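Per-entry structural report
Each chain, letter by letter, is given below.
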Amino acid sequence: MLLAEKHLKYCLITYGCQMNDADSEALAGELSARGWQRAEQEQEADLVLVNTCVVRRSAEQRALGRVWQLAPLKHKRPKMIVGIVGCLAQKDGEALLEEMPHVDLVVGTRALPGIPVLLEELRHTRRRLVSVDGMDRPVVFDAEPLRENRIKAMVTIIYGCNNDCSYCIVPQTRGREWSRRADDIVAEVARLAKRGWREVTLLGQNVNSYNDGCCDFPDLLRRIASETGIERIRYVTSHPKDLSDRLIETVAGAASICENFHVPAQAGSDRILERMSRGYGRGDYLRLVERIRRAIPDAAITTDLMVGFPGETDDEFAQTLDLARAVRWDSAFMYMYSVRDGTPAAQLPDDVPIEVKKRRLQQLIKLQEKISAEINEQLTGSRQEVLVEGLSRRSAEKLMGRTRGDKVVVFAGSPELIGQTVRVMITAASAYTLFGELRNSG
Ligand code: SAM
Ligand code: SF4
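Residues numbered from 1 in each chain as written. Chains lettered and ligands numbered in written order. Predicted model: local features only at pLDDT ≥ 70, side-chain atom pairs only at ≥ 80, totals over all residues. Heavy atoms only, no water.

**A few points about the pairing of strand β19 (residues 433–438)**
As defined by bridge partners, strand β17 (residues 408–412) adjoins β19 across 4 bridges and the pair is classed as parallel. Across the sheet, the residue bridging to Val410 is Phe435, located in β19. Counting the residues in the hairpin turn of strand β18 (residues 421–429) and β19 gives 3 residues. (Pairing = 2+ DSSP bridges. Helix = DSSP H or I, 4+ residues; strand = E, 2+ residues; numbered from the N terminus.)

**Some details on the packing of helix α8 (residues 182–194) against helix α9 (residues 217–227)**
Where α8 contacts α9, the axes come no closer than 10 Å and their chain directions differ by 30 degrees. When you trace α8 past α9, the crossing you get is right-handed. Residues Ala182, Asp183, Ile185, Val186 and Val189 of α8 lie in contact with α9, whose contacting residues are Leu220, Arg223, Ile224 and Glu227. A per-class count over the contact of α8 with α9 returns 6 nonpolar, no polar and 3 charged. (Axes fitted to C-alpha atoms, helices over the stretch in contact; angles between N-to-C directions. Left-handed = near helix turned anticlockwise from the far one by under 90°. Contact = heavy atoms within 4.5 Å. Nonpolar A, V, L, I, M, F, W, Y, C, P; charged D, E, K, R; others polar.)

**What to know about helix α6 (residues 115–125)**
Along α6, the residues that are buried comprise Ile115, Pro116, Leu118, Leu119, Glu120 and Leu122. Elements in contact with the buried residues of α6: α1 (18–33), β3 (47–52), β4 (81–86), β5 (105–107) and β6 (129–131). Phi turns positive one or two residues past the end of α6, at Arg126, with a value near 55 degrees. (Buried < 20%, exposed > 50% of the residue type's maximum accessible area, 1.4 Å probe, protein only.)

**Regarding the sheet that holds strand β15 (residues 383–391)**
Hydrogen bonds along the backbone pair up the strands of a sheet, which may run parallel or antiparallel. The strand order around the closed barrel built from 5 strands is β15-β16-β17-β19-β18, with neighbouring strands paired in mixed fashion. On average, each strand axis in the sheet is tilted by 55 degrees relative to the strand beside it, whichever way the strands run. As paired elements, β18 and β19 share 5 bridges and run antiparallel to each other. If you follow Ala429 over to β19, its bridge partner there is Leu434.

Function cannot be read off these values alone, since they describe shape.
Now the structure itself:
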């Protein structure tokens, strides 16, 4: 521990996906291993790091707005260090220091493990720093992540993305794929299980391309299922073009791997999928769903969808609606296309007017909500295995947990059950929530 850092406090503000949440936990681990303490609020912090997302323009603006909000505080407390880390830092680098005089530190996605050293340098030299190189380098943190959730843990298994989906900025901001060693991942999950965590979610932009030279993704899953003792295993995200029969067999064959497949389809039209460079067509996607359902009939299948990609006609959008009716996803994340500079799609005219994008999004959400509600309705009367995560947000008398298919369940029960796996009889359902009664015996 560096003595100078003993009483210093940090504050981490995180935007974006689960990979960013996991990166922030890793950063918190590194800082706390060096004696930093978490600040209750940013007003008392010696260091404020904003971990950013740029996947859509709205996300980027939110993150930038939050960094600007720190300017008056920095003015009042000039010794406080303000840092921008993650995807926005990677994308704009040095320019952020020029635009924002109150920012001291800009650290890209692959340089995050170097933050403690950068902080030392900054505190001694008071020179503002940028570190955004090494987009193909390994990401190895010294310390264990500091996880707030003591029931479910996120474990990053692969960094970066080698796909080139034409709309997506992630390959630029997160660099080339690099898989962590399977031995290290298995050891980490075993430690988590031993210390009481019940569930892990393995993270990567495309977990199916995981390969450390010894294990591919199904091998890794099998090892985690047989060697760690963790109760539940999830993983995101699976690219439809890479989801193999071996993976499906692996999920079908291990009780601890949840039968939940998150496979972003993005669109229902072959021409749009081609222009997105997704590497599969509508027919391939439908066959994939069939392969999953044949092996695991009650699998939950979820997706990401985008509307308003350049050139998307009414008819092509109707094919996305049609795909939703054909597949019947359990749930979907749905977005309006947002131009990202530097991506291949940014060369195409963003010619679907915003009102049309909004209308299509609303139509798609409405349809998906109807389908989700119907699927959930069919679960009434069934008994579900639920991992209890905490109190319900709506009512402190009720508990909230998730099924193996990752559906939220609300039911009455004692807070002592938090962290336990229980049986719940489903009695009612909506598009987003199941409601039930505890049925632990019988
Ligand atoms: N790697 C994952 C995959 O391939 O599905 C997820 C990556 S991305 C962080 C999550 C979702 O954001 C994507 O599936 C896509 O639907 C959406 N997305 C990515 N780029 C976008 C853009 N330029 N505009 C709108 N949505 C976008
Ligand atoms: Fe982006 Fe495609 Fe990679 Fe997902 S697979 S992160 S959408 S480039």
